[in-house]
Amino acid sequence: MAADDHDDAAAPADPQPRAPSLLDALAPVVVLIALIALTIGLFGVSATDGPLQVALLLSAAFAALVAFKNGFTVAAVSEAAVGGVTTAVSAIFILLAVGSLIGTWNMCGTIPTVVDWGIRLLNPSIFYLATCAICALVGMVTGSSWTTAGTLGVAFVGMSKVMGLSEATAAGAVISGAYFGDKMTLLSETTILVPKLVGRGLTVGQHIKNMLWVSGPALAISLVLFLILGLGADTSAAQSTDEALKVLNSAFNISVLNLLPLALLVCFTVKKAPPFLAIIGSSLCAGILACFTQWDNVKAFVDEPGLSPLGVGIKGIYAAMATGYVSKTGNDAIDALFSRGGMASLLTTVWLVLAALSYAAILERAGFLERLLRPIVARARSRGTLIAAVNASGIGLNAIAGDQYVADVLPARMYRDEFARRGIAPEVLSRAVEDSGTVTSVLIPWNTCGAYISGVLGVSTASYLPYCFFNLASPILDVLYGFVGFKVREVPPEDPASCPPPENGVSAPLPVNPLPTTVKP
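From a predicted model like this one, the values you see are computed outputs, not experimental measurements.

Participant: I would appreciate a short explanation of the overall build of the protein in the present structure.
Facilitator: Looking only at helices and strands, the protein features 25 helices and zero strands. Counting across all 521 residues of the protein, residues that qualify as buried make up 56%. Here the analysis covers contacts within the protein between residues at least 6 apart in sequence; of these, 82% occur between residues at least 24 apart.

Participant: Can you walk me through the environment of Leu23 in this structure?
Facilitator: Structurally, the position occupied by Leu23 is in helix H2 (residues 22–43). Overall, Leu23 belongs to the exposed group, its relative accessible area being 64%. Sequence-wise, Leu23 and Leu372 are 349 residues apart; in three dimensions their C-alpha atoms are separated by 9.5 Å.

Participant: What exactly am I supposed to notice about helix H6 (residues 110–121) here?
Facilitator: What sets the pattern is the α-helix's 3.6 residues per turn: residues three or four places apart point alike. An ideal rise of 1.5 Å per residue puts 16 Å on twelve residues; H6 measures up with 17 Å between its terminal C-alpha atoms. The set of residues buried in H6 consists of Thr110, Ile111, Pro112, Thr113, Val114, Val115, Asp116, Gly118 and Ile119.

Participant: Explain helix H15 (residues 295–302) here, please?
Facilitator: What H15 keeps buried is the set Asn297, Val298, Phe301 and Val302. Looking straight down H15, one finds that the buried residues subtend no more than 130° of arc, so they occupy a single side. Directly beyond the C-terminal end of H15, a positive phi value near 55° is found at Asp303.

Participant: Mind showing me how you'd approach the side chain of Ser441 here?
Facilitator: Relative to the helices and strands, Ser441 is located in the loop between helix H22 (426–438) and helix H23 (448–457). At a separation of 2.8 Å, a polar atom in the side chain of Ser441 contacts the main-chain carbonyl oxygen of Thr438. Residue contacts for Ser441: discarding those within four places in its chain leaves Tyr179, Asn398, Gln404, Asn447, Cys449 and Gly450.

Participant: When you look at the environment of Pro466 in this model, what are you seeing that I'm missing?
Facilitator: Inspection of the secondary structure assignment puts Pro466 in the loop between helix H24 (461–464) and helix H25 (469–484). Separated by 298 residues in the primary sequence, Pro466 and Ala168 have C-alpha atoms spaced 8.7 Å apart.

Participant: Even after reading the chapter, I still don't get the side chain of Ser176, so can you show me in this structure?
Facilitator: Note on placement: Ser176 falls in helix H9 (residues 167–183). Apart from residues lying up to four places away in sequence, Ser176 is in contact with Cys132, Phe226, Tyr467, Cys468, Phe469, Phe470 and Asn471.

Participant: Which parts of the structure should I look at to understand the nonpolar core?
Facilitator: Of all hydrophobic cores here, the largest spans 95 residues; its most connected members are Val115, Phe127 and Met159. Considering each element in turn, this core owes the most residues, eleven residues, to helix H5 (residues 89–108). Ignoring anything within four residues of it in the chain, the contact list for Phe127 reads Leu122, Phe156, Met159, Ser160, Met163, Leu165 and Ala170. By size, the runner-up hydrophobic cluster in this structure holds 60 residues, among which are Ala60, Tyr359, Val390 and Leu429.

Participant: Explanation requested: the packing of helix H11 (residues 204–231) against H22 in the structure shown.
Facilitator: A packed helix pair is summarised by two numbers, namely the angle formed by the two axes and the spacing between the axes. Running from N to C, H11 and H22 cross one another at 55°; their axes reach a closest spacing of 9 Å. Taken as axis vectors, H11 and H22 run oblique relative to one another. Note that H11 runs across H22; the crossing there is right-handed. Facing His207, Asn210, Met211, Trp213, Val214 and Ser215 of H11, the residues of H22 in contact are Glu427, Val428, Ser430, Arg431, Glu434 and Asp435. Split by residue class, the contact of H11 with H22 holds four nonpolar, four polar and four charged.

Participant: It is not clear to me how the pattern of salt bridges should be interpreted in this structure. Could you clarify?
Facilitator: When their charged atoms lie close together, side chains carrying opposite charge are able to pair. Inspection of every chain in the model, using the stated rule, returns eight salt bridges. Arg421 is the partner of Glu418 in a salt bridge, and the nearest nitrogen-oxygen pair spans 2.6 Å. Of the two residues, Glu418 and Arg421 are both situated in helix H21 (residues 404–422); the distance of three residues between them amounts to about one turn of the helix. Glu418 gets classed as buried once you look at its relative accessible area, which sits at 15%. You can call Arg421 partly exposed: its relative accessible area is 44%. Here the salt bridges do not stand alone but share partners, grouping Glu418, Arg421 and Arg422 into one network.

Basis of the calculations
Residues numbered from 1 in each chain as written. Predicted model: local features only at pLDDT ≥ 70, side-chain atom pairs only at ≥ 80, totals over all residues. Heavy atoms only, no water. Helix = DSSP H or I, 4+ residues; strand = E, 2+ residues; numbered from the N terminus. Buried < 20%, exposed > 50% of the residue type's maximum accessible area, 1.4 Å probe, protein only. Contact = heavy atoms within 4.5 Å. Expected span 1.5 Å × (residues − 1). Arc of directions from axis to C-beta. Polar contact = N/O pair within 3.5 Å; in protein donor to acceptor, adjacent residues only side chain to side chain. Core = buried A, V, L, I, M, F, W, Y, C linked by side-chain atoms within 4.5 Å. Axes fitted to C-alpha atoms, helices over the stretch in contact; angles between N-to-C directions. Parallel < 35°, antiparallel > 145°, perpendicular 65-115°, else oblique. Left-handed = near helix turned anticlockwise from the far one by under 90°. Nonpolar A, V, L, I, M, F, W, Y, C, P; charged D, E, K, R; others polar. Salt bridge = Lys/Arg side-chain N within 4 Å of Asp/Glu carboxyl O.

Right, here's the structure in full:
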């Protein structure tokens, strides 16, 4: 026994992994960029249907090889990759629930009713402006850009098609409004998370108030541009509004009752119900309601004459939630517009999320992300270049790591001490983090936000990106403010060691979490 104890004590401990060199950290990023460029060049907008996921997984495999070279064990890298995927489970459930919601809301007539009312109330010349403004208000109420885009956003994009307007521009208006609302509310996950990460006594209220100086002008610029686009829109190819309404009303029973699932979802969200339960509950409610308000459409969808009414209803609800509703009115325009949804429709998006987070988790675990950011912090000499560096880091991490929470957490952690040392107020850092990490995530096709929004709206990221005026203007204005010194409050310089530690474990390993589940679906 004594000999055994001696042997155990003498056994060498597992060697510690080596810190990555700059070349180690750059290599997986260069491989990712090359593979993505090749994929998009070969497949175009269809890249997200599978080729892009393959590129991300190949990049993850290359990053793992570099980590092995530096002394990381297979178990450690596997644990990181699996951990990244595991923390995406909440996002996956929400994605699937949104797919079922779109299917049953179409079958129930919820989305057709919103489209009908929107056509009656909105003139095409102000459609884009109104879409942006309404989504901004709804985003502030729900605290979630995902919920806003997955519900009203789907209706507005569908409405634009009926009115002969650009679906890409409509999607940009939805996203611009939804992300403004998401940032300007106490209900938003990122709005709550970022000031806690920055710490130094920063409150959520101070954070929102300071963000308004950038978000307000960015939204105003967006509204003006959407008005100009609306006034100059060519609607000559569209059928008349009266004809569109006639066709829509012949296909669905348009009624205020159809909006009950939407009202239920808003109530669930305001009451802070778990997002998955809120969305799946609204979806089920819509499916049941469809059996009473759109019975003819449900029977045509199931298309089994010998089946009992109860069987038709149950099968219709299941099918709409699983594979999506298929409109069979005989009108090609209506059938194409409202045949959507189902959990199956978002499986490629789930695949994209899993691939992106596996890659991001390996990069973070191996220390590659921190190694890439460290020289940027050191070279940011002036106030303006420091704020520009934060924005560049957030945008870069959205592209490299594929997740907005990585793009929020890591810069907040990396730049916190430097801002304290230079006497720059903490709300300046938190604003820069949100103006880059949060709002630009939707502009990256393989980012969790970009994949989700593109999936639910049915518009490719490349198509809507030029019209996301709010998301593009926010980091530009933030950097401009940094160089001119506008709303960049200075405070007495602090010794970072004396600063109170921020919340949410900033000193702990980076949590690769695609979707905290308290508020934002």
